[in-house]
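# Descriptive structure summary
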Amino acid sequence: MLTLPETDCKSAFSFSSFKMAKRILVTGADGMVGHGIRIVVDKEGASSDETWIFTDFHDADLRDMAATRALFETHRPTHVIHLAARVGGLFENLAHNVEFWHENMSINQNVIQCSHEFGVTKLVSCLSTCIFPDQTTYPIDETMIHNGPPHFSNQGYAYSKRMVDVMNRIYHKQHGSLFTSVIPTNIFGVHDNYYIQGGHVIPGLIHKCYLAKRDNTDFVIWGDGSPLRQFIYSEDLARLMIWVLRSYDDPEPIILSVDEQDEVSIGDVARMVAEAMHFQGKVVFDTSKANGQFKKTASNGKLRRLLPEFQFTPLREGIQRACDWFSENFETARK
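Let us look at the structure shown here. (Residues numbered from 1 in each chain as written. Predicted model: local features only at pLDDT ≥ 70, side-chain atom pairs only at ≥ 80, totals over all residues. Heavy atoms only, no water.)

Here the focus is the overall build of the chain. Looking only at helices and strands, the chain features ten helices and 13 strands. The C-alpha atoms of the chain give 19 Å as radius of gyration, which agrees with the globular expectation for 335 residues (20 Å, within 12%). For the chain, the spread of C-alpha atoms along the principal axes amounts to about 55 × 45 × 40 Å. Counting only residues that meet the buried cut, the chain has 57% of its 335 residues in that class. The long-range share in the chain, meaning contacts at least 24 apart out of those at least 6 apart in sequence, stands at 84%. (Helix = DSSP H or I, 4+ residues; strand = E, 2+ residues; numbered from the N terminus. Rg over C-alpha atoms; globule rule 2.2 N^0.38 Å. Buried < 20%, exposed > 50% of the residue type's maximum accessible area, 1.4 Å probe, protein only. Contact = heavy atoms within 4.5 Å.)

Looking now at the nonpolar core. By size, the foremost hydrophobic cluster in this structure holds 32 residues, and its most contacted members are Ile37, Trp52 and Met241. At the level of secondary structure, the elements contributing two or more residues to this core comprise β2 (22-27), α1 (32-44), β3 (50-54), β5 (122-126), α7 (234-247) and β11 (254-256). Broken down by element, the residue count for this core peaks at eight residues, all from α7. If sequence neighbours within four positions are ignored, Ile37 has contacts with Trp52, Phe54, Ile81, Leu83, Ala238 and Ile242. Ile202, Phe219, Ile221 and Phe279 belong to the second largest nonpolar core, which has 31 residues in total. (Core = buried A, V, L, I, M, F, W, Y, C linked by side-chain atoms within 4.5 Å.)

This part is about the side chain of Arg229. Locating Arg229 in the fold gives a position in strand β9 (residues 228-229). It is Glu263 that comes nearest to the buried, bridge-free Arg229 among opposite-charge side chains, at 6.5 Å. In terms of polar contacts, Arg229 uses its side chain to reach the backbone carbonyl oxygen of Phe294, at 3.3 Å. When sequence neighbours within four positions are dropped, the list of residues in contact with Arg229 reads Asn186, Asp262, Glu263, Val264, Ile266, Gln293, Phe294, Lys295 and Lys296. (Lys, Arg positive; Asp, Glu negative; His and termini not counted. Salt bridge = Lys/Arg side-chain N within 4 Å of Asp/Glu carboxyl O. Polar contact = N/O pair within 3.5 Å; in protein donor to acceptor, adjacent residues only side chain to side chain.)

Across all of its chains, the model carries 14 aromatic pairs by this definition. Ring centres of Phe100 and Tyr157 lie 6.2 Å apart, and the angle between their planes is 85 degrees; this geometry places the pair in the edge-to-face category. You can see Phe100 sitting in helix α4 (residues 97-117) and its partner Tyr157 sitting in helix α5 (residues 155-175), a full 57 residues away along the chain. This pair shows no difference in class: Phe100 is buried, exactly as Tyr157 is. Aromatic pair Phe326 and Phe330: ring centres 5.5 Å apart, planes at 85 degrees, arrangement edge-to-face. In this structure, Phe326 and Phe330 share a single accessibility class: buried. Clustering of aromatic rings is evident, with ring pairs tying together Tyr194, Tyr210, Trp325, Phe326 and Phe330. One residue, Arg86, lies across the ring of Phe100, its end atom 4.8 Å from the ring centre. Above the ring of Tyr138, the side-chain terminus of Lys295 is found at 5.1 Å from the ring centroid. (Phe/Tyr/Trp six-rings, centres within 6.5 Å; stacked < 30°, edge-to-face > 60°. Lys NZ or Arg CZ within 6 Å of the ring centre and 35° of its normal.)

The omega angle of the peptide bond from Tyr138 to Pro139 is 5 degrees, so this bond is cis rather than trans. Residue position: Pro139 is located in the loop between β5 and α5. In the Ramachandran plot, Arg76 falls in the positive-phi region, its phi being about 45 degrees despite a non-glycine side chain. Residue classification places Arg76 among the partly exposed residues on the basis of a relative accessible area of 45%. Non-glycine residue His278 carries a positive phi angle of around 55 degrees. Relative to the helices and strands, His278 resides in the loop between α8 (266-276) and β13 (283-286). A relative accessible area of 55% means that His278 is categorised as exposed.

Spelled out as structure tokens, the structure:
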């Protein structure tokens, strides 16, 4: 657990000011997004009325209500950014849908109930675009979450995350709680989990390309490379989540995404990774592997109306940073 004390430095993204001291508890802070928030707070400074408390699984097993309640009792947060979750890529979800459902439901119910019991002023939970219906029209927006079943490959995870939106609504209706959620598109960046078998797209590709370059083998991509995705750099997401915590006072979820025209194919991303890693070998697509959902194009219309000038890190630049970080930290990176 790491606590960053109050400072006199105003954050560049302090779009509104708190009127009283805030103790901000971040769960799952050992993950990529948690690291991103810590980096942004370190770089730009906490607002003078903020104390940031970064916690991870070493501090509490949030699947257990007693442990979750003890964490809240220790830190008495006024605000919570809830990132803790069991996560994984396509093939990990396919193999463990039940575990993804059970563990994430336990974590989310415990954090939300404790936020209510301890009088948390504002709770911001992190969801995913995989919660949206598989069969839908595009672009998807915040009103469409519950319009049909999600893709079969990750039903356990997707339904557990949908229930966060349900819980936010019913706690707000019954208790007036300001519990809300953000829905980012595919996240990538430094401090990611580069696990090949069960990880997400970009970190898995970076790890594969590193090994292919080192071992002088083909760079093999699972699937035919055709699926389309929108990718958001972790520090961009961190800045936006801090803005949501400070300025977005609505229980309705908000999509945090790059623009629709920035959607790119997995094949193109693989080629960007190869370029960033200076890989000179052969790029091969293994079409015996599943592609997953073809597209999940999301509209960031609500975000753009509220924060029209926000500038996202270009994909190539973010991939270069992520590749450089992994190469420099190969021995210690999560993989």
